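A look at the structure
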Amino acid sequence: FPLAGEDGVRVDGVQAGVAAMIRLRLKFFMKGVSYLEVTLDRAQALPKMDAGLGSCDAYCIALIGGYNFKSRLVRNSLDPRFRQTFRINVRDESEVMELKVQIWDWDRFDDDDHMGDSVLRFSPRECEKGALDGAYPVMKPEGNGDVALKNGKGHGSQLHLRFQYFPWGKD
């Protein structure tokens, strides 16, 4: 949004002719509906997936409560910072929900590579006051079970998540 003074005249930035800008983030809440926000903060210690480059081009797909969200692509990073928040409606705050976050490596000419998943089961009430905020291990499906995804140095890959619950009728 371009900035304007009280008289409606555009306010220019430090450089001549460049309009000063401000970015707003508004949250809208519907009356009678509770919300859960999941912030996909970052991944850590991902394995090298791109031959020759020694990095990966990561993105995530979050599956929760019948919703599917796809993160932005972070190129050339083994520790990508996504910094994206997804919001869903919560019908029953006592219901146990499952969040599955898949981590993928984007490839230009081939099919994308599935690196692994982080799965968490919780009720929305558990998300209050940051109780579930933290790092979760990324598991790779193999054979009869899951094994921890590790990078070339043997460090376990992790996904950092934050949760915020907005129950209806609570100030």
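Residues numbered from 1 in each chain as written. Predicted model: local features only at pLDDT ≥ 70, side-chain atom pairs only at ≥ 80, totals over all residues. Heavy atoms only, no water.

With that settled, consider the nonpolar core. Ranked by internal contacts, the top residues of the largest apolar core, which has 32 residues, are Leu36, Leu99, Phe122, Leu159 and Phe163. Every element with two or more residues in this core is listed here: strand 1 (34-44), strand 2 (58-64), strand 4 (81-90), strand 5 (97-105), strand 6 (113-122) and strand 10 (158-166). Sequence-distant contacts of leucine 99, defined by excluding residues within four places in its chain, comprise Val38, Ala62, Leu63, Ile64, Ser118, Val119, Leu120, Phe122, Leu161 and Phe163. (Core = buried A, V, L, I, M, F, W, Y, C linked by side-chain atoms within 4.5 Å. Buried < 20%, exposed > 50% of the residue type's maximum accessible area, 1.4 Å probe, protein only. Helix = DSSP H or I, 4+ residues; strand = E, 2+ residues; numbered from the N terminus. Contact = heavy atoms within 4.5 Å.)

Before going further, it helps to examine the pattern of salt bridges. In the structure shown here, the tally under the stated rule is six salt bridges. Residues arginine 87 and glutamate 37 are paired through a salt bridge, measuring 3.1 Å at the closest nitrogen-oxygen approach. One end of the pair, arginine 87, is in strand 4; the other, glutamate 37, is in strand 1, with 50 residues separating them in the sequence. Given the relative accessible area of 6%, glutamate 37 is considered buried. Across the pair arginine 121 and glutamate 98 runs a salt bridge whose closest N-O atoms are separated by 2.7 Å. Highlighted residues: arginine 121 in strand 6 and glutamate 98 in strand 5, separated in sequence by 23 residues. Residue classification places glutamate 98 among the partly exposed positions, given a relative accessible area of 36%. The network of salt bridges with shared partners includes Glu93, Arg125 and Glu128. (Salt bridge = Lys/Arg side-chain N within 4 Å of Asp/Glu carboxyl O.)

The phi torsion at alanine 45 lies on the positive side, around 60°, for a residue other than glycine. Tracing the backbone through its elements, the reader meets alanine 45 in the loop between strand 1 and strand 2. Owing to a relative accessible area of 11%, alanine 45 belongs among the buried residues under this scheme. Positive phi, close to 60°, is recorded for lysine 129, a residue that is not glycine.

In spatial order, the strands read 4-1-10-7; together these four strands make up an open sheet with antiparallel pairing. At either margin of the open sheet sits one strand with a lone partner, and together these are strand 4 and strand 7 (134-137). Within the sheet, the average angular offset between the axes of one strand and its neighbour, ignoring direction, is 30°. Here strand 1 pairs with strand 10 via nine bridges, running antiparallel. Bridge pairing in strand 10 links alanine 43 to leucine 159. (Pairing = 2+ DSSP bridges. Axes fitted to C-alpha atoms, helices over the stretch in contact; angles between N-to-C directions.)

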